[in-house]
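Single-letter residue listing:
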Amino acid sequence: MKFVLASHNQNKLKELREILGALGIEIVLQSELGLDLEPEETGETFEENSLIKAKAVMEASGLPAIADDSGLCVDKLGGGPGVYSARYGGPELTDPQRCQLILQTMQGQFPRTCKFVCVVTCCFPDGKVLTARGECPGTVAFTPMGSDGFGYDPIFFVPKLKKTFAQLSAEEKNAVSHRGNALRAFAGELEAYLKENM
C-alpha cells in the first residue's frame, strides 16, 4: 500500500520510513508524485495544522496522506513559538537564526523548561482519519551544540541524555523524540486500521 508524505522534508521521510518500515508500506514524498502543495497552516493547534496538510495532499493525490505538525513549546515564552515554530521571527530567518533568536529571548530566564510536540495525522480517501501525538521534555540550551538534526535540534537539551537533539545519533533521537513517540503511537493505530481494512 502506498502512502504519500505531505512534506518536502527528506529528514522527515527518513524518520518515517525507519519507524513505519516494519508495516511493509511504501511512503513517498508528495514531490515524487509531481505535487508541490503548501497548504496554508491556519490552525491554532498542531492537530489542526497536520489535518489541513494531510487532507490537502490526500485530495490532490487520491492516496492516503500522512502529515505532521511539530514545534518547540517553551514554558517561559507562554508555550511559544509552538505552532509558529517554523515561521518564528519571520519567514526570512534560517534555522540557525531562529535558534539564536530563542537564545536571545531566553537570556537570564529560568527555568528553561520546554518540550517538543509532534502530531501525526493520516487522511484516507475513505474519510478515515488517524491522529497520534508525541512529546519530548527538555530544556533550552545556553548555546547551540551538535551538527546533526535540523530546526531547533541544536538548542533542545535532553537532561537525561545530557545532550542536545543535534548531538544524538538517529537511533538515539528516534528513541526519545516527539516525532518518534508520535510515529510509534501512529504505527499502532495504522497497524490496527490495516488489519481491519486489508
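What comes next concerns the included structure. Each chain carries its own residue numbering, running from 1 in the direction its sequence is written. Only residues with pLDDT of at least 70 get local features here, since the model is predicted, and only at 80 or more are side-chain atom pairs given and counted; chain-wide, interface and lining totals rely on the full set of residues. Only heavy atoms go into the side-chain values, all of them from the structure, while hydrogens and water stay out.

### Quick notes on the layout of surface pockets
In this structure, the largest pocket occupies an estimated 760 Å³ of space. What lines the largest pocket is a set of 33 residues, and nearest its centre among them are Asn9, Lys12, Lys53, Ser70 and Ala86. Strands are runs of DSSP state E lasting at least 2 residues, helices are runs of H or I lasting at least 4, and numbering of each runs from the N terminus. Among the secondary structure elements, those contributing two or more residues to the lining of the largest pocket are α2 (46-61), β3 (65-74), α3 (95-105) and α5 (178-197). Residue composition of the lining of the largest pocket, grouped by class: 12 nonpolar, 9 polar and 12 charged. Here a cavity means grid points, on a 1 Å grid over the protein atoms only, where a 1.4 Å probe fits yet cannot get out; a pocket means an open set of points with protein on both sides within 12 Å along at least five of seven lines; lining residues are those with an atom within 4 Å of a point. Grid points are joined across faces, edges and corners, and a volume is the space filled by probe spheres set on the points. Taken as a whole, the second largest pocket holds about 230 Å³ of empty space. Ranked by residues supplied to the lining of the second largest pocket, first place goes to helix α1 (residues 10-20) with 4 residues. Residue classes follow a fixed rule: Ala, Val, Leu, Ile, Met, Phe, Trp, Tyr, Cys and Pro count as nonpolar, while Asp, Glu, Lys and Arg count as charged, and any other residue, Gly among them, counts as polar.

### As for the pattern of salt bridges
Salt bridge criterion: a side-chain nitrogen from Lys or Arg within 4 Å of a carboxyl oxygen from Asp or Glu. Overall, the coordinates contain 15 salt bridges when judged by the stated rule. Note that Lys53 is salt-bridged to Asp69, the shortest N-O span being 3.1 Å. Taken together, the residues span a long stretch of sequence, with Lys53 in helix α2 and Asp69 in strand β3 at a distance of 16 residues. In this scheme, a residue with accessible area under 20% of its type's maximum is buried, one over 50% is exposed, and one in between is partly exposed, where area comes from a 1.4 Å probe on protein chains only. Assessed through its relative accessible area of 10%, Lys53 is described here as buried. Residue class for Asp69 comes out buried when judged on its relative accessible area of 5%. The partner of Lys163 in a salt bridge is Glu172, with the nearest N and O atoms 3.7 Å apart. A relative accessible area of 29% means that Lys163 is categorised as partly exposed. A single network of salt bridges, built from pairs that share partners, joins Lys12, Glu15, Asp68, Asp153, Lys173 and Arg179.

### Comments concerning the side chain of Thr121
If you trace the backbone, Thr121 turns up in strand β5 (residues 113-123). Between N or O atoms, a polar contact is any pair within 3.5 Å; within protein, one atom must be a potential hydrogen donor and the other a potential acceptor, and residues adjacent in sequence are included only when both atoms are from side chains. There is a polar contact of 2.6 Å between the side chain of Thr121 and the side chain of Ser50.

### Things to note about empty space enclosed by the protein
Tallied over the entire structure, the rule returns 1 cavity of 30 Å³ or more. Here the largest cavity is characterised by a volume of approximately 60 Å³. Lining the largest cavity we find Leu5, Lys12, Leu16, Ile66, Ala67, Asp68, Val120, Arg179 and Leu183. At the level of secondary structure, the elements contributing two or more residues to the lining of the largest cavity comprise α1, β3 and α5. The dominant element in the lining of the largest cavity, judged by the number of residues it contributes, is β3, at 3 residues. Residues that form the lining of the largest cavity fall into these classes: 6 nonpolar, no polar and 3 charged.

### Regarding the packing of aromatic side chains
Classification of ring pairs rests on two measures: the distance between centres of Phe, Tyr or Trp rings, Trp counted by its six-membered ring, which must be within 6.5 Å, and the angle between planes, read as stacked under 30 degrees, edge-to-face over 60 and tilted in between. One pass over the structure, following the stated rule, counts 6 aromatic pairs. With a centroid separation of 6.1 Å and 45° between ring planes, the pair formed by Phe110 and Phe142 is classed as tilted. With a gap of 32 residues between them, Phe110 in the loop between α3 and β5 and Phe142 in the loop between β6 (129-140) and β7 (156-158) connect regions that are remote in the sequence. Residue classification places Phe142 among the exposed positions, given a relative accessible area of 60%. Centroid distance Phe124 to Tyr193: 4.1 Å. Interplanar angle 35°. Geometry classified as tilted.

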